[in-house]
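Topology and contacts: notes
Spelled out from the first residue to the last, the chains are:
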Amino acid sequence: MRGSVKQLYEPRSVPWSQVHSWTCNGCGECCKWFTIPISTYEYAKIGQVVGFRMFEFREGGVWLKKRPDSRCVFAFCRGNLWLCGLQNSKPYPCRMWPFKISNQPLYGRRDWARYEGSSWTGYVYVDSRCPGIVYGRPSLTYTTKVVEEFVHMAIGGRRHQYYSTSREALSQTWNRIQLVDTGNSRSGLFRHQGMI
Ligand code: SF4
Ligand code: SF4
């Protein structure tokens, strides 16, 4: 799997089969917990649209900047929800959170983590820190749509998100988003449409 998210806490992964359903409720906590590394491709594509001051270089890599309140510079508030300003072009670690896809069993009972999808068989885990998890017997939509979409992003290179991102984000019709420029503490408006 590409990239390595800098975590403040140890991961607490549970096998996918112990989860009934998952949806992102827009709590925005994950955009505070992690510092996100991005690839050269993501740096070029995102930077073309929003400029290159949203990134920082350290430890031999490129990372999304954080604000003084620890949130990612691309997180913005809409009502009581925190949404992502890079909705159609999130970096890979953001698209995959809170799921982890592996060809090998990683934790606990391997039979609980084994996933047999339409085009791939392997092991799937969900990070228990995400409050969007509902535990129980897996629903049909969760099994065949949600988990499947995460698998296709990890294995097949899928970029478009539908089941794997916030419902609220998908319902928004904005074409301008507000981002905080940490370079000079000014707020700036950047065009959202036209991103990858
Ligand atoms: S993915 Fe989970 S932690 Fe992140 S905003 Fe959605 S519900 Fe909150
Ligand atoms: S890019 Fe979006 S999803 Fe990723 S940390 Fe920033 S606001 Fe959150």
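Structure shown above.
What comes next is a walk through the structure. Note that the structure is predicted; figures quoted are calculated from it, not measured.

Let us now look at the overall build of the protein chain. Secondary structure summary: the protein chain contains six helices and 13 strands in total. Taking all contacts inside the protein chain whose residues are at least 6 apart in sequence as the whole, residues at least 24 apart take part in 69%.

With four bridges connecting them, strand β4 (residues 55–58) and strand β5 (residues 61–64) associate as antiparallel partners. The residue of β5 that forms the bridge with F55 is L64. Taking the residues that link successive antiparallel strands as the turn, the β4-β5 hairpin has two residues, and the phi of E59 there is positive, at about 50°.

Attention now goes to the pairing of strand β10 (residues 121–127). Relative to β10, strand β1 (residues 13–15) runs antiparallel, the two sharing three bridges. Residue pairing across strands places V14 opposite V126, the latter belonging to β10. One ladder, built from four bridges, connects strand β8 (residues 99–102) with β10; its direction is antiparallel. The partner of S102 across the bridge, within β10, is Y123. Judged from the three bridges that link them, strand β9 (residues 114–116) and β10 form a sheet pairing that is antiparallel. Its bridge partner lying in β10, Y115 is registered against G122. Hairpin geometry of β9 and β10 is characterised by an intervening segment of four residues between the two adjacent antiparallel strands.

On to helix α2 (residues 40–50). Each α-helix winds once per 3.6 residues, and so residues spaced three or four apart point in a common direction. Within α2, burial applies to E42, I46 and V50. Taken down its axis, α2 places every buried residue within 35° of arc, on the same side. Exposed and oriented more than 90 degrees from the buried face of α2 are T40, Y41, A44 and Q48. Residue G51 follows α2 closely and has a positive phi angle near 90°.

Cut-offs and rules
- Residues numbered from 1 in each chain as written.
- Chains lettered and ligands numbered in written order.
- Predicted model: local features only at pLDDT ≥ 70, side-chain atom pairs only at ≥ 80, totals over all residues.
- Helix = DSSP H or I, 4+ residues; strand = E, 2+ residues; numbered from the N terminus.
- Contact = placed C-beta atoms within 7 Å.
- Pairing = 2+ DSSP bridges.
- Buried ≥ 20, exposed ≤ 12 C-beta atoms within 10 Å, placed from the backbone.
- Arc of directions from axis to C-beta.

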